[in-house]
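Chain by chain, the residues run as shown.
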Amino acid sequence: MNGWLILALIGAATFGFLALMRVARPLWTFVGAALMLAGAGYAWQGRPGLSGVSREPVRLRQPDDIAADDLRDAIWGRFTYDYAYAVAADGLARAGATGSAANAVMGGLQGAPNSARLWTRMGSAILAHDGGQVLSPAARLAFGRGAQLAPDHPGPYFYYGMALVQTGDLPGARRAWLAALKRTRRDASYREDLAIRLVLLDRLLAMQGRPR
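These numbers were taken from a predicted model, which means no experiment stands behind them. (Residues numbered from 1 in each chain as written. Predicted model: local features only at pLDDT ≥ 70, side-chain atom pairs only at ≥ 80, totals over all residues. Heavy atoms only, no water.)

Q: Lay out the packing of aromatic side chains in plain terms, naming residues and giving numbers.
A: Evaluated as defined, the whole model comprises five aromatic pairs. Relative to Trp 177, the ring of Phe 158 lies with its centre 5.8 Å away and its plane at 20°, an arrangement referred to as stacked. Taken as a pair, Phe 158 in helix α8 (residues 154-166) and Trp 177 in helix α9 (residues 170-182) lie far apart in primary sequence, 19 residues in all. When its relative accessible area of 2% is taken as the criterion, Phe 158 is described as buried. Through successive ring pairs, a cluster of aromatic residues spans Phe 158, Tyr 159 and Trp 177. The positively charged end of Arg 183 is found above the aromatic ring belonging to Tyr 157, 4.2 Å away from the centroid. (Phe/Tyr/Trp six-rings, centres within 6.5 Å; stacked < 30°, edge-to-face > 60°. Helix = DSSP H or I, 4+ residues; strand = E, 2+ residues; numbered from the N terminus. Buried < 20%, exposed > 50% of the residue type's maximum accessible area, 1.4 Å probe, protein only. Lys NZ or Arg CZ within 6 Å of the ring centre and 35° of its normal.)

Here it is in structure tokens:
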């Protein structure tokens, strides 16, 4: 069985257990961050692309991550023009339709070409469509455009950091998340979540003996 599929099943089971036990929602983000960094460690030291017995292509459906949705909405806001396209792209990506997710974001950019949120989401969409392991020049360009359009907003920096974690550039991710935290209001509901992710990332870097 593919390692990423195993990790996805673990994530789904974990969040299912949290829902069953009625754990407070603020704790979900902490668990989600820990799982995300565990995946980063696996991507760095493991062999996530190694196939199992079956060699038939599998369209992996990602488990619903309510904590990630809540964080997304807290950072970017809700019920705006670009919100609808970003949510649609997230749903398509979780269903494994990465190309359709990118097309959904592109459709939103046609009506809002200066949306930092959609350009940032496009960077994530390109990364997912490319397989999730290499941050291509096109993806970097999209993330860069998002940061250029909203230089004082934490969103572009946070999600760029997420992409860097996914591709194994943990020192780069740390720099991006520090930039995001610096741009986050002290009274923002998601500030603690960003700080927790930085702490977990620092611990992972320390465990690996890598410079920050």
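Q: Run through the pattern of salt bridges, naming residues and quoting values.
A: Enumeration according to the criterion identifies nine salt bridges in this entry. A salt bridge links Arg 78 to Asp 73, with the nearest nitrogen and oxygen atoms 3.6 Å apart. Residue class for Asp 73 comes out buried when judged on its relative accessible area of 13%. A salt bridge links Asp 187 to Arg 185, with the nearest nitrogen and oxygen atoms 3.0 Å apart. Residues joined by salt bridges that share partners form a network here, namely Asp 69, Arg 72, Asp 73, Arg 78, Asp 90, Arg 94 and Arg 121. (Salt bridge = Lys/Arg side-chain N within 4 Å of Asp/Glu carboxyl O.)

Q: An account of the confidence of the model for the protein is needed here, citing residue identities and associated values.
A: For the protein, per-residue confidence averages 79 on the pLDDT scale, and residues scoring 70 or more make up 67% of the total. In this model residues 53-64 is a low-confidence stretch, pLDDT under 50, and it forms 16 contacts with partners more than four residues away in sequence or in other chains. (pLDDT = per-residue confidence, 0-100. Contact = heavy atoms within 4.5 Å.)

Q: An account of helix α6 (residues 116-129) is needed here, citing residue identities and associated values.
A: Because the α-helix completes a turn every 3.6 residues, residues three or four places apart line up on one side. Between the first and last C-alpha of α6 there are 20 Å, a value that for 14 residues agrees with the 20 Å anticipated at 1.5 Å per step. With 10 of its 14 residues buried, α6 lies for the most part within the structure. Within α6, the full set of buried residues consists of Ala 116, Arg 117, Leu 118, Thr 120, Arg 121, Met 122, Gly 123, Ala 125, Ile 126 and Leu 127. Just beyond α6, the residue with positive phi is Gly 131, at close to 110°. (Expected span 1.5 Å × (residues − 1).)

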